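# Descriptive structure summary
Here is what each chain is made of, one letter per residue.
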Amino acid sequence: MRVDRITAKTIEQWIAKRREAEVTLATLRKVLLTLGAVLKYAVRHRYMSYNPLSDVDRPGGQGQ
């Protein structure tokens, strides 16, 4: 998917699918950290106007 087509909704849907697949919270947090860096780069280089990850509620809690 092109970075300029990523929205908060697509990120939230991706998180929900991974939670259903029982991906651990630690793994999700690591992937989201990396995605955040990619999106920050894209904003800085004007591939997109804002970082949609900033509008997403990150998975919280403990366990898994």
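Residues numbered from 1 in each chain as written. Predicted model: local features only at pLDDT ≥ 70, side-chain atom pairs only at ≥ 80, totals over all residues. Heavy atoms only, no water.

## Thoughts on unusual backbone geometry
The phi dihedral of Glu-22 falls on the positive side, at around 60 degrees, and the residue is not glycine. Relative accessible area serves as the criterion here: at 58%, Glu-22 is assigned to the exposed category. (Buried < 20%, exposed > 50% of the residue type's maximum accessible area, 1.4 Å probe, protein only.)

## Things to note about the packing of helix H1 (residues 8-20) against helix H2 (residues 25-44)
As a packed pair, H1 and H2 sit with axes 11 Å apart at the nearest point and diverge in direction by 160 degrees. It follows that H1 is roughly antiparallel to H2 by the angle criterion. Crossing handedness for the pair H1 and H2: right-handed. Across from Ile-11, Trp-14, Ile-15, Arg-18 and Arg-19 in H1, the residues of H2 making contact are Leu-25, Leu-28, Val-31, Leu-32, Leu-35 and Leu-39. In terms of residue class, the contact of H1 with H2 is built from nine nonpolar, no polar and two charged. (Axes fitted to C-alpha atoms, helices over the stretch in contact; angles between N-to-C directions. Helix = DSSP H or I, 4+ residues; strand = E, 2+ residues; numbered from the N terminus. Parallel < 35°, antiparallel > 145°, perpendicular 65-115°, else oblique. Left-handed = near helix turned anticlockwise from the far one by under 90°. Contact = heavy atoms within 4.5 Å. Nonpolar A, V, L, I, M, F, W, Y, C, P; charged D, E, K, R; others polar.)

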